[in-house]
Amino acid sequence: MTAEPGPSRLRDIADSGTDLYAIDKGLAETYVRIPDMPEPCHITAVPSCQTYGAEHKRMSPMTSSLSPYTAFDGQFIDGVWRKGRSGKVRADENPYNGEVVAEIALADMQDLADAYAAAQRAQKIWSKALHNERSELFHRVLKIIDARKDEIIDWIVRETGSTLLKANIEWGSVRGGVLEAINLPSRVQGRIMPIDVPGKQSFVFREPLGVIGVISPWNFPFHLSHRSVAPALAMGNAVVLKPAEDTPITGGLLIAKIYEEAGLAPGLLNVVVGDTSDIGDGFTLNPIPKLISFTGSTRVGQRIAELAATGVRLKHVGLELGGNAPFVVLDDADLDQAVRAAVFARFLHGGQICMSTNRIIVDASLYDEFVERFVARVRGLKVGDPADPSTHIGPLTTAKQTAAAWRSIEMAREAGFTQRLGGEGEGQIVPPHVFVDVPNDSAFAQLEQFAPIAPIIKASDEAEALAFANAVDFGLSSAVFTQDTARGLRFARQVEAGMTHVNDISIQDSPYNMFGGEKNSGIGRFNGDWIIEELTTDHWITVQDTPREYPF
């Protein structure tokens, strides 16, 4: 049986004057600012859908009805909701209380093949759609996510264990991505090139890649799926999406419901939910997709890169992988601001964010005072029911990640690191743990925690702090705190990461700015003009207007 979303518990944490979605304003007011978030609207009228070819009939565009979405029990392939053929059923559970929120009949390789074939057929027509027609799709999507805000947030809380604060942030991230997608179709540009041949014209056309395969993770599933889906569709591609097995609804099926309601044509977005053991390798090895966009662990990303390079056809890959973000506090930092930022950057969503501050590196002159203030502030965080607006840390999303968190804590204890804060867990709840005087080269510090665990590291000076920041295999995000912004900029430019933020947290993602990492944190870039480059290809075409003379 599929459980329906409960009554809305979500009016509440928005500060109406500034749209700050904050539970503890002292903790979050500086760091969680989501612009342009209206209260849910009521849909009263929607522009008619244009047609773009007799071969294709659109789904009915959205109506004013806002009945809750139902029937999250299978696959969405070629515009049809159907049960998967594998014979397996997966129970999708609330990580806080174990409630079964859905039972999903899983896909097999034939379902996957059907999805890719449908995407290939649909994309050929969609690629010829007018730019304004693609933009209109996202105008409709925007109205839907505004109207269904509470319903969406409720699903994020129930399926992922997200606090209301984090769920609001995620909803806002998707909304921002939709706003950006509205403009993307008109920003695709070709070029007229010079050429040293008489009577010849030279053009470089920028075209859609074709079919995009998207594999998304369970930590920010609604956003991390949608940030590939929306720009891919905006560029004229079609998509096959495989959400994480632990978050099939918020990572995939909910997105399919939204785009179906918005009138997206059958086949342009397909969602396959299946065991990785059944369809994982096949997802990448299928010859139809031109690019695999993957967000997840470095280990799995390396496997996908290997398959993309060794399959029947080479594929582009976009890999956003693990992180181990350093948060550096230099000797002239505003200590109070740095402490507040470090607490938020480490413990938002229980540390289950690839950009989370993973190592807190503090100058020796400030170290002891920083530790005392940090521990005192973390001690005040509320742990528990994610649907309670006063909760700061809810459950970890998966049982596997919960077990990994306790192993990491035991590793630190066995290594003899000083534990300043901890506690006993219950179910998938892990209370915040703080360890101090942790060596930067220890296995504990080098591990991406993905849990509410904070290692604090002492650096003798700025040079050692920089060396520590870079002495890791990852390079996704990072942060540095100093009251001298010029110094901060100099430091930031020496950090071996794709993103560095001066006097702000490491968790930053703007739909208009570049996102991506270095080293084992990935290949490729998201957002803005960078995602246009990723999801399109150049085609050089010349036209010889006058006859040429050839040597023979």
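Note that the coordinates shown come from a computational prediction; the quantities given were computed from them, not determined experimentally.

Trainee: So, the nonpolar core: which residues are in play, and what are the values?
Mentor: Where a protein is soluble and globular, its nonpolar side chains tend to be buried together. If you look at the biggest cluster of nonpolar residues, it comprises 126 residues, and the most contacted ones within it are F138, I258, Y259, F370, F374 and I456. Each residue touching F374, except ones within four places of it in the same chain, is listed here: V339, A342, V343, F347, I360, V434, A454 and I456. F417, V430, F444 and L466 belong to the second-largest nonpolar core, a separate cluster that totals 25 residues.

Trainee: Would you mind going over the sheet that holds strand 8 (residues 200–208) in detail, with residue names and values included?
Mentor: Spatially, the three strands line up as an open sheet ordered 7-8-24, and their pairing is antiparallel. Both outer strands of the open sheet, strand 7 (191–193) and strand 24 (536–544), are each paired with one neighbouring strand and no more. Taking the axes of each pair of neighbouring strands and ignoring which way they run, one obtains an average angle of 25 degrees across the sheet. As paired strands, strand 8 and strand 24 are joined by nine bridges and run antiparallel to one another. Paired with Q201 across the strands is V543, a residue of strand 24.

Trainee: Describe the packing of aromatic side chains, listing the residues and the values that go with them.
Mentor: All told, the structure shown has 12 aromatic pairs when counted by the stated rule. Each ring, one from F76 and one from W81, has its centre 4.6 Å from the other, and the planes form 40 degrees; the classification is tilted. Residue classification places W81 among the partly exposed residues on the basis of a relative accessible area of 25%. Summarising the aromatic geometry, the rings of F417 and F444 are spaced 5.9 Å apart at their centres and angled 40 degrees between planes, so their arrangement reads as tilted. On the criterion of sequence distance, the pair formed by F417 in the loop between helix 12 (399–414) and strand 16 (418–421) and F444 in helix 13 (residues 443–446) is long-range, its members being 27 residues apart. Each member of the pair, F417 as well as F444, carries the same accessibility label: buried. Lying over the aromatic face of Y69, R148 brings its terminal NZ or CZ to 3.9 Å of the ring centre. Over the aromatic face of F220 sits the side chain of K166, whose NZ or CZ is 4.2 Å from the ring centroid.

Here is what the cut-offs are and how they apply
Residues numbered from 1 in each chain as written. Predicted model: local features only at pLDDT ≥ 70, side-chain atom pairs only at ≥ 80, totals over all residues. Heavy atoms only, no water. Core = buried A, V, L, I, M, F, W, Y, C linked by side-chain atoms within 4.5 Å. Buried < 20%, exposed > 50% of the residue type's maximum accessible area, 1.4 Å probe, protein only. Contact = heavy atoms within 4.5 Å. Pairing = 2+ DSSP bridges. Helix = DSSP H or I, 4+ residues; strand = E, 2+ residues; numbered from the N terminus. Axes fitted to C-alpha atoms, helices over the stretch in contact; angles between N-to-C directions. Phe/Tyr/Trp six-rings, centres within 6.5 Å; stacked < 30°, edge-to-face > 60°. Lys NZ or Arg CZ within 6 Å of the ring centre and 35° of its normal.

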